[in-house]
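# Structural characterization, general
If you want the building blocks of each chain, they are given just below.
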Amino acid sequence: MRKNIFLLIILGVVVMIMSMMSKEFLRFSTLLESLRYAVEMGIMAVPMTMIIITTGIDLSVASTLALSGILMGIIWKYLNLNIWLAGLFAILIGSGCGLLNAYMITGLSIPPIVVTLATMAAYRGIATGLSKGRGITGFPESFQNFGQGSFMNFIPYSVFIWVIVALVGYVVLEKSKFGRYIYSIGHNETGAMFSAVPVVRVKNILYLFSGMMAGLSGMIYSARIGAAKSNAFMGGELEVITAVVLGGTSITGGEGSILGSTLGVLIITFLKTGLNLARVPHSVQSIIVGIVLVASIITYTRFGVGFFKKIKKGGV
Amino acid sequence: MEILRLEKITKSFPGVIALKDVDFSLNEGEIHALVGENGAGKSTLIKVIMGIHKPDSGQIYLRGKPIRINDPNHARELGISAIHQEIAVFPDLTVLENLFMGWEMVRRGFIDWKGMRKFAEEKMKEYMIELPLDSDLGELSTAQQELVQILRALLQNARILIMDEPTAALTTEETEILFSDMENLKKNGVSMIYISHRLEEVFRISDRVTVLRDGKRIFTKNVSEITPAELVEGVIGRRIETFYPKKKVDVGDTILEVENLNFANVVRDVSFTLREGEILGIAGLLGSGRSTTAKLIFGILKPDSGMVKVDGKMLKLKDPISAVRSGIAYVPEDRHRQGLILPESIRFNISLPNLPIIPRRFLVDLSKERQIAEEMIRTLDIRTPSSEFLTMNLSGGNQQKVVLAKWLFRDSRILILDEPTQGIDVGAKNYMYNLMVELAKRGKGILFISSELHELLGMCDRILVMRKGRIVGEFKREEFDEEKIINLASGFEEVNSGGRV
């Protein structure tokens, strides 16, 4: 809770500084419009939070997004399938990618970082090969409108999906029995196993869910850009992880919240939007995001939020 | 020849007298065991010898001369070293680097590796110790790592070693290796104060034993002149019969059948049955396959072959979930790592294995959960301010009660208790024994694994003895024979009779 209050303060500070740097920034419509660009990150941050809480990681999300988008485009274009049905396929393909990760992690007992590092390269490679380096364009008007239009010309349609995913994620992680299992695995996987927690099943579901959300994001991304590209969201997995860690999820496991991660996504998004509007070069933007991340983590430890983690480490 | 002598040492802390008129002596080349329950004063006595505590009254003599020990560094200069398990060791550095960490020999401003190596090799030869100086410490077995610490102390000219539970983390084989190294040290005139809760080890390795209880010395005797029962009685101050609240319970139907369980070379052809209301003990040294058997039944490990039946029905030995569903509960030996999620609350821990049977399908019913936790806190008399209290802040005995609460809530019929009384105080132990009797009365089958033979003798209806993965003996309560069981468990029988058991 303390962490989230702290994040709200950072968010406020970011908005304040940005509005001083650029007059356009503080307009409500600008803020809402900038959310459109945060949707994919926000959606993928939900399963990423849960995975990092269990001390895992999924580096393949951005590549899964690209592969799902490309395959959706191919199915639509060459099989003449309805674009929405093809979108459903994108979600299925993403889930398949996640399931493959899950199998290698739990079934073959390979560390998540190794598995998803490999599939990050592999999924991206397949996407590039299938698209032969060219994007797929010309999606129907209605589909593009879903990615580019706004409800009452105000709230981007895709933001609604993000809100739904985040709400469901919040309930699952923080109110459900499944969420209990996630935290218990993160704090002490051995202990969870001795308490008859279905550790393998929980992990399988999480990586599957992560792939599924990457697939959904692939569809949203294609609709927003108006094209399916193999280099979509390149490097985005690190942005998602940055947002989650900024949001207070402990990389050593057991701690984290959906609200925190969502605030993390918002901070990064507003920061970048503001810096863009103020015409700060991209390279400098990255530096600033990095500084904000490190500064918040230092502040967490000073606040004593990570206190128990320290004791645990010191005790072993 | 006497090297160390403590006379009438008294030490009190606000509100408690930790040591009262305690005498203690140590001869050259002697292994002197110090035994007693938690809080008996062992560690205070050691701290007096190490110069950490100043005694209120009494005198310490070193080689006949009265002496004051100021602090641990002073003690080390006098040749007294304590071997701790968790003292600074660096697993990624070599043995040689670990030996000299913090007091490296220097030549012309550079570290003198050659000189240190030569010095270490000489000492190893002198004391007949073998250690690979260039291996990383982390690659060594636990026993060898302890030997590194012993060698380090010897390099610093230690003549008196204080060894606090050195075998706690060792397997049977490693323990034997350590013991033979200790015997070599003894031959070279090194004296050792040996602290252990394992009474059979006291008999195995030490020359004399001193029993402390409530800060007083109860007796000092030659090990050859005392029986295990006398020693136990000295330690707990009561006869065994009065300490264990064992009651005769009518044993009912068979609820658990284990048939020909095999796992690597750790568990071999283990078969036994457990009946309602029965307390079945498994005795055996560390590494005899006791805990592994329990983990196989509970589904943590998958057996190579064999089966487990509950009420005559085959159990899927897949994961703990199916074991728990058929009514098996396991209270593991390591409650910090296996038994509890330490950074979480009592409520969280009690409900964790029971979430599937707590009302509501998907969400957690917080108020119901809290109600259950509070009920268990009352039933088991867990001392805590509230159900939200983090389990990491509870005492050992109360932590163990939380682990039990997890399984008692769901009314598990088969309870596997693995070292349930380890590291908890006498009061909590007594509570645990009473609880076991109560549960047996209610028709539960209890599989009781313990390293402390006397508690098995006191509580069980039947005892299985395991050694090297096999069940090598079975005793009914009327046939209990402490000596026979110790011999069977440690393999002395084999030596004596010259054949296999």
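Along the backbone of chain A there are 15 helices and four strands. For chain A, the residues scored as buried account for 57% of the 316 residues in total. For chain A, long-range pairs separated by at least 24 residues make up 78% of all intrachain contacts whose partners lie at least 6 apart in sequence. By element, 70% of the accessible surface of chain A is carried by carbon and sulfur atoms, the whole surface being about 13600 Å². Here chain A contributes 23 positively and 10 negatively charged side chains, and the mean placements of these two sets differ by 4 Å.

Attention now goes to the nonpolar core. By size, the foremost hydrophobic cluster in this structure holds 102 residues, and its most contacted members are Met50, Trp162 and Phe270 of chain A. The element that contributes the greatest number of residues to this core is helix α11 (residues 199-225) of chain A, accounting for 12 residues. Membership of the second largest hydrophobic core comes to 94 residues, among which are Leu256, Met376, Ala405 and Leu456 of chain B.

Let's shift gears to the confidence of the model for chain A. Residue and element names in this part refer to chain A. Chain-level statistics for chain A give a pLDDT mean of 88 and a share of 95% at 70 or above. Here helix α15 (residues 307-315) is the element of chain A with the lowest mean pLDDT, 37, and helix α3 (residues 39-53) is the one with the highest, 96. Scored below 50 in pLDDT, residues 305-316 shows 17 contacts in the model against residues more than four places distant or in partner chains.

Let us now look at the packing of aromatic side chains. One pass over the full model with this rule turns up 14 aromatic pairs over all chains. Ring centres 6.2 Å apart and planes at 70° place the aromatic pair phenylalanine 179 of chain B and tyrosine 194 of chain B in the edge-to-face group. Note that phenylalanine 179 of chain B is positioned in helix α6 (residues 172-187) and tyrosine 194 of chain B in strand β10 (residues 191-195), a separation of 15 residues in sequence. Comparing phenylalanine 179 of chain B with tyrosine 194 of chain B, the two get one shared label, buried. Cluster of aromatic residues (ring-pair linked, three or more members): Trp76, Trp84, Phe139, Phe143 and Phe146 of chain A. Across the ring face of phenylalanine 219 of chain B, the terminal group of lysine 221 of chain B is positioned such that the distance to the ring centre comes to 4.7 Å. In this structure, lysine 401 of chain B is placed above the aromatic ring of tyrosine 431 of chain B, and the distance from its NZ or CZ to the ring centre is 4.2 Å.

So, about the interface of chain A and chain B. Each partner contributes to the interface: chain A provides 23 residues, whereas chain B provides 35 residues. When the two sides are added together, the surface that chain A and chain B hide from each other amounts to roughly 2400 Å², 69% of it contributed by carbon and sulfur. Of the charged contacts in the structure, one is a salt bridge between glutamate 369 of chain B and arginine 180 of chain A, with a shortest N-O distance of 2.4 Å. Linking chain A with chain B are 11 residue pairs in polar contact (both at pLDDT 80 or more).

Since the α-helix advances by 3.6 residues per turn, residues separated by three or four positions end up pointing in the same direction. All names here are of chain B. The buried fraction of helix α1 (residues 42-49) amounts to six of the eight residues, a majority that puts the element mostly inside the structure. Listing the buried residues of α1 in full gives Lys42, Thr44, Leu45, Ile46, Val48 and Ile49. Positive phi appears at glycine 51, one or two residues downstream of α1, with a value of about 80°.

Residue and element names in this part refer to chain A. Here isoleucine 155 is to be found in strand β3 (residues 155-156). Residue classification places isoleucine 155 among the partly exposed residues on the basis of a relative accessible area of 27%. As for isoleucine 155 and leucine 35, which are separated by 120 residues in sequence, their C-alpha atoms are 8.8 Å apart. With near-sequence residues (within four places) excluded, isoleucine 155 lies in contact with Leu32, Ser150 and Phe160.

What follows deals with the domain arrangement of chain B. Residue and element names in this part refer to chain B. In terms of domains, chain B is made up of domain 1 (2-236), domain 2 (243-327 + 413-421 + 442-501) and domain 3 (338-411). Look at where the C-alpha atoms of domain 2 and domain 3 centre, and you get two points 27 Å apart. Counting from both sides, the interface comprises nine residues of domain 2 and, opposite them, seven residues of domain 3. For the pair domain 2 and domain 3, the two sides together bury roughly 600 Å², of which 59% comes from carbon and sulfur. Ranking the residues of domain 2 by area buried against domain 3 places Val324, Leu415 and Lys444 at the top, with a combined share of 51%. Summed over the shared surface of domain 2 and domain 3, the result is one salt bridge. Lysine 444 is the partner of aspartate 411 in a salt bridge, and the nearest nitrogen-oxygen pair spans 3.1 Å. Where the side of domain 2 that touches domain 3 is concerned, the elements lending two or more residues are α10 (290-298) and β19 (414-418).

Now for unusual backbone geometry. Across residues other than glycine, the phi torsion is negative in most instances, and most of the peptide bonds are trans. Residue and element names in this part refer to chain B. Of note in this structure, aspartate 214 is not a glycine but carries a positive phi near 50°. Residue placement: aspartate 214 occurs in the loop between β11 (208-213) and β12 (216-222). In the Ramachandran plot, arginine 360 falls in the positive-phi region, its phi being about 85° despite a non-glycine side chain. Here arginine 360 lies in the loop between α13 (346-351) and α14 (366-379).

Further remarks concern the sheet that holds strand β15 (residues 279-283) of chain B. Sheets are built from strands that pair by backbone hydrogen bonding, the pairs being arranged parallel or antiparallel. Residue and element names in this part refer to chain B. On the basis of which strands lie adjacent, the open sheet formed by six strands has the order β18-β19-β20-β15-β21-β22 and mixed pairing. Among the strands making up the open sheet, the edge pair consists of β18 (328-331) and β22 (470-476). Taking each pair of neighbouring strands and ignoring which way they run, the sheet shows an average axis angle of 20°. In this structure, β15 lies alongside strand β21 (residues 462-467), joined through four bridges in parallel fashion. Bridge assignment links glycine 281 to a residue of β21, and that residue is isoleucine 463. Against the sheet, α10 touches β15, β18, β19, β20 (445-449) and β21, its axis set at about 145° to β18. Packed onto the sheet, helix α18 (residues 482-490) meets β15, β21 and β22 and runs at close to 30° relative to β21.

We now examine the side chain of lysine 401 of chain B. All names here are of chain B. Along the chain, lysine 401 turns up in helix α15 (residues 396-408). Within the buried set, lysine 401 has no salt-bridge partner at all; the shortest N-O distance to an opposite charge, 4.6 Å, is to aspartate 381. In terms of polar contacts, lysine 401 uses its side chain to reach the backbone carbonyl oxygen of leucine 380, at 3.3 Å. Residue contacts for lysine 401: discarding those within four places in its chain leaves Leu380, Asp381, Ile382 and Tyr431.

Conventions adopted
- Residues numbered from 1 in each chain as written.
- Chains lettered and ligands numbered in written order.
- Predicted model: local features only at pLDDT ≥ 70, side-chain atom pairs only at ≥ 80, totals over all residues.
- Heavy atoms only, no water.
- Helix = DSSP H or I, 4+ residues; strand = E, 2+ residues; numbered from the N terminus.
- Buried < 20%, exposed > 50% of the residue type's maximum accessible area, 1.4 Å probe, protein only.
- Contact = heavy atoms within 4.5 Å.
- Areas by Shrake-Rupley, 256 points an atom, 1.4 Å probe, with all protein chains shown as cover.
- Lys, Arg positive; Asp, Glu negative; His and termini not counted.
- Charge placed at Lys NZ, Arg CZ, Asp CG, Glu CD.
- Core = buried A, V, L, I, M, F, W, Y, C linked by side-chain atoms within 4.5 Å.
- pLDDT = per-residue confidence, 0-100.
- Phe/Tyr/Trp six-rings, centres within 6.5 Å; stacked < 30°, edge-to-face > 60°.
- Lys NZ or Arg CZ within 6 Å of the ring centre and 35° of its normal.
- Buried area = accessible area lost by both parts, 1.4 Å probe.
- Salt bridge = Lys/Arg side-chain N within 4 Å of Asp/Glu carboxyl O.
- Polar contact = N/O pair within 3.5 Å; in protein donor to acceptor, adjacent residues only side chain to side chain.
- Domains from an automatic or database assignment.
- Pairing = 2+ DSSP bridges.
- Axes fitted to C-alpha atoms, helices over the stretch in contact; angles between N-to-C directions.

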